[in-house]
Amino acid sequence: MAICVAISLLAALLLILLAVIAIRTALFKSKQLSVSAIASCPVNIAAAAERLSGAIQVPTVSSLDESQVDFEQLARFREYLSAAFPRVHSSLDKQVINNHGLLYTWKGSDPAMKPILLLAHQDVVPVTVEGWTHPPFSGAIADGYVWGRGTLDDKGSLMGMLEAVEFLIKDGFRPSRSVCLAFGFDEEVGGRQGAGKIAELLKSEGQQFEFVIDEGLVAVSGMFPGIIAWIALVGTAEKGYLSLELSVQATGGHAAQPPRETAAGIIAKAVAKLQAKPFPARLTGPAAELFSYLGPEMPFPNKMIFANMWLFSPLVKRLLSAKPATDASIRTTTAPTMLSGSAQDNVLPTLATAVVNFRILQGESVQSVIKRVKAVIGDPRVKVSPILKTIFEPSPASSTDSPGFAIVSRTIRETMPGTLVAPMLVPARTDCTYFTGLSPCCFRFVPERIPGNELSSIHGVNERISLDSYAEMINFYLRLMQNSCT
Ligand SMILES: [Zn+2]
């Protein structure tokens with residue numbers, strides 16, 4: 001009798017559980033804005049491609065070693081922009097900051113409206129791999145593409161913004177709010193001299209922007225199970241950046257009579273402890289929001305899982321942890337990158353060091369990471385010192401309920417037909433880091449559709465942008481300014 005009651009009770013509970021899962025799945029509605037696609041790009045794309053080609057032909061390569069930078073090329077690039085976009089240069093206010101940073105201001109008619117800020121960078125990474133179909137600085141236009149270093153990262157975007165402004169001026173458009181364009185020149189090596197100085201100036205003037213948009217993520221396809229459509233991934237936050245040097249000093253001596261633990265052994269043990277105890281997985285902020293945007297677009301049963309994260313989140317976290325790319329979106333990562341000890345095989349080290357790189361997830365900080373690292377190592381012989389040159393706290397997450405996100409989403413849906421929009425955490429850092437205090441809404445998205453097999457061309461070989469994608473990009477910036485400024 002008692003067993004029968006227990007079985008009935010269990011069956012009733014199971015039914016309730018299934019009902020809750022089914023109701024939540026049915027209520028898990030699409031977050032995609034319903035808008036009509038607008039007409040395709042009005043700019044003459046053949047002429048725009050020629051201008052982009054010209055920009056690629058100026059090799060504005062940045063380098064960590066400043067003595068290796070050919071600053072003449074940045075001066076040449078500035079002159080090139082003046083000649084290519086005469087209306088921009090006669091109608092907008094242009095400031096050159098810290099010798100090569102560029103800040104353009106297109107004054108709006110309504111001073112009460114907060115301006116918007118579009119960012120891109122003038123520099124490109126060097127070419128280290130051979131095997132290009134067309135030489136990397138040829139700017140060749142062939143097979144429906146503009147080829148060369150910078151077409152995707154990030155001159156395509158820079159030129160696309162200027163194409164949009166040039167066209168709008170010619171078309172008689174007058175923005176209600178001011179539009180600012182800022183182009184740093186050392187993004188690929190940290191961005192301090194370019195974007196860093198531009199942001200400093202804007203902060204000293206007390207400027208505030210409705211939203212800031214920079215590179216970061218793009219539109220991708222085939223990356224999420226069950227979704228065939230292109231997905232425009234809009235970065236709403238960046239992880240923080242911290243490298244810690246671990247060091248152990250010892251007296252040294254001959255390797256024939258070593259102590260039980262050498263400095264190298266102690267360091268190795270500390271690194272092993274850090275690897276064995278990764279930071280906890282947390283499905284939070286933009287990583288969680290990504291699935292609230294993509295879940296409703298997925299087929300059953302994926303949709304059911306993401307509609308019921310209260311139940312399935314441990315399973316989702318386990319699946320995401322299985323691959324480095326997705327694991328990085330749910331935890332602060334730990335990457336030992338450098339090790340050194342004695343210079344000779346039979347000499348005990350007097351100093352052994354290791355460098356461990358951390359990418360910090362929202363909810364943690366530089367200080368909390370250092371505290372945890374010391375606790376996990378738990379050995380006072382190991383000194384833990386931050387490498388001060390490159391420390392960034394994780395950025396705040398920009399709200400997807402903001403007017404800025406609504407404008408960006410609408411513009412994507414209008415100019416990139418059939419594309420879904422989803423917020424996401426950016427695993428690397430961009431120039432946008434410097435601008436976080438200047439607006440509560442900092443988005444990292446370049447309107448490029450990049451097929452999975454072409455993603456590696458960024459910083460790699462055969463970087464190129466299709467003319468169709470470039471036309472779509474110009475149209476996006478054009479429409480973004482119209483949507484923000486009317
Ligand atoms: Zn870039």
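Since this is a predicted model, take the numbers as computed values, not measurements.

Enquirer: Report on the overall build of the protein, specifying residues and quantitative values.
Expert: Each helix and strand in the protein was counted, giving 14 helices and 17 strands. Its C-alpha radius of gyration of 26 Å places the protein within 12% of the 23 Å reference for a compact globule of 486 residues. Oriented by its inertia axes, the alpha-carbon framework of the protein measures out at about 80 × 75 × 45 Å. Within the protein, the proportion of its 486 residues that are buried is 43%. Long-range contacts, defined as pairs at least 24 residues apart, comprise 82% of the intrachain contacts of the protein with a sequence gap of at least 6.

Enquirer: Describe the pairing of strand β1 (residues 93–97), and please don't skip the residues or the numbers.
Expert: Of the strand pairs in this sheet, β1 and strand β2 (residues 101–106) are connected by five bridges, and their pairing is antiparallel. For Lys-94, the partnering residue across the bridge sits in β2 and is Tyr-104. Counting the residues in the hairpin turn of β1 and β2 gives three residues, including Asn-98, whose phi is positive at 55°.

Enquirer: Any details on the pairing of strand β16 (residues 442–449)? Residues and values, ideally.
Expert: A regular strand places its side chains so that they alternate between the two faces of the sheet. By the criterion of burial, β16 is predominantly enclosed, with eight of the eight residues buried. In this structure, strand β7 (residues 212–220) lies alongside β16, joined through five bridges in parallel fashion. Bridged to Val-212 within β16 is Cys-442.

Enquirer: Tell me what's going on with the domain arrangement of the protein, and back it up with residues and numbers.
Expert: The assigned domain composition of the protein is domain 1 (45–236 + 394–484) and domain 2 (238–386). Only β8 (231–238) and β15 (420–426) provide two or more residues apiece to the side of domain 1 that touches domain 2. By residue number, the principal contributor to the side of domain 1 that touches domain 2 is β15, which donates seven residues. Its residues assigned to classes, the side of domain 1 that touches domain 2 comprises 14 nonpolar, seven polar and one charged.

Enquirer: A description of the packing of helix α2 (residues 45–56) against helix α5 (residues 155–170) should follow, citing residues and the corresponding values.
Expert: Here α2 crosses α5 at 135°, and the two axes come no closer than 10 Å. Judged by the inter-axis angle, α2 sits oblique to α5. Like other packed secondary-structure pairs, α2 and α5 cross with a definite hand, here right-handed. The residues of α5 that touch α2, namely those facing Ala-48, Arg-51, Leu-52, Ala-55 and Ile-56, are Lys-155, Gly-156, Met-159 and Glu-163. Looking at the contact of α2 with α5, its residues break down into five nonpolar, one polar and three charged.

Enquirer: Explain the sheet that holds strand β11 (residues 333–340) to me, and be specific about the residues and the numbers.
Expert: Read across the sheet, four strands follow the order β11-β13-β9-β14 without closing on themselves; strand pairing throughout is antiparallel. If you trace the sheet from one side to the other, it starts and ends with β11 and β14 (383–386), each paired once. Put simply, the sheet's adjacent strands are angled 25° from each other on average, direction ignored. Those strands touched by helix α7 (residues 263–276) are β9 (240–249), β11 and β13 (351–360), and its axis lies near 15° from that of β13. Most of the contacts of helix α12 (residues 366–377) go to β9, to which it runs at about 35°, and overall it touches β9, β13 and β14.

Enquirer: Residue-level account of the sheet that holds strand β5 (residues 145–147), with values.
Expert: Taken together, the three strands give an open sheet; going across it, the order is β4-β5-β17, and neighbouring strands pair in antiparallel fashion. Taken across any chain shown, the strands that pair with only one partner, and hence form the sheet edges, are β4 (141–142) and β17 (464–466). Here β5 pairs with β17 via three bridges, running antiparallel. Bridge pairing in β17 places Trp-147 opposite Arg-464.

Scoring rules and cut-offs
Residues numbered from 1 in each chain as written. Predicted model: local features only at pLDDT ≥ 70, side-chain atom pairs only at ≥ 80, totals over all residues. Helix = DSSP H or I, 4+ residues; strand = E, 2+ residues; numbered from the N terminus. Rg over C-alpha atoms; globule rule 2.2 N^0.38 Å. Buried ≥ 20, exposed ≤ 12 C-beta atoms within 10 Å, placed from the backbone. Contact = placed C-beta atoms within 7 Å. Pairing = 2+ DSSP bridges. Domains from an automatic or database assignment. Nonpolar A, V, L, I, M, F, W, Y, C, P; charged D, E, K, R; others polar. Axes fitted to C-alpha atoms, helices over the stretch in contact; angles between N-to-C directions. Parallel < 35°, antiparallel > 145°, perpendicular 65-115°, else oblique. Left-handed = near helix turned anticlockwise from the far one by under 90°.

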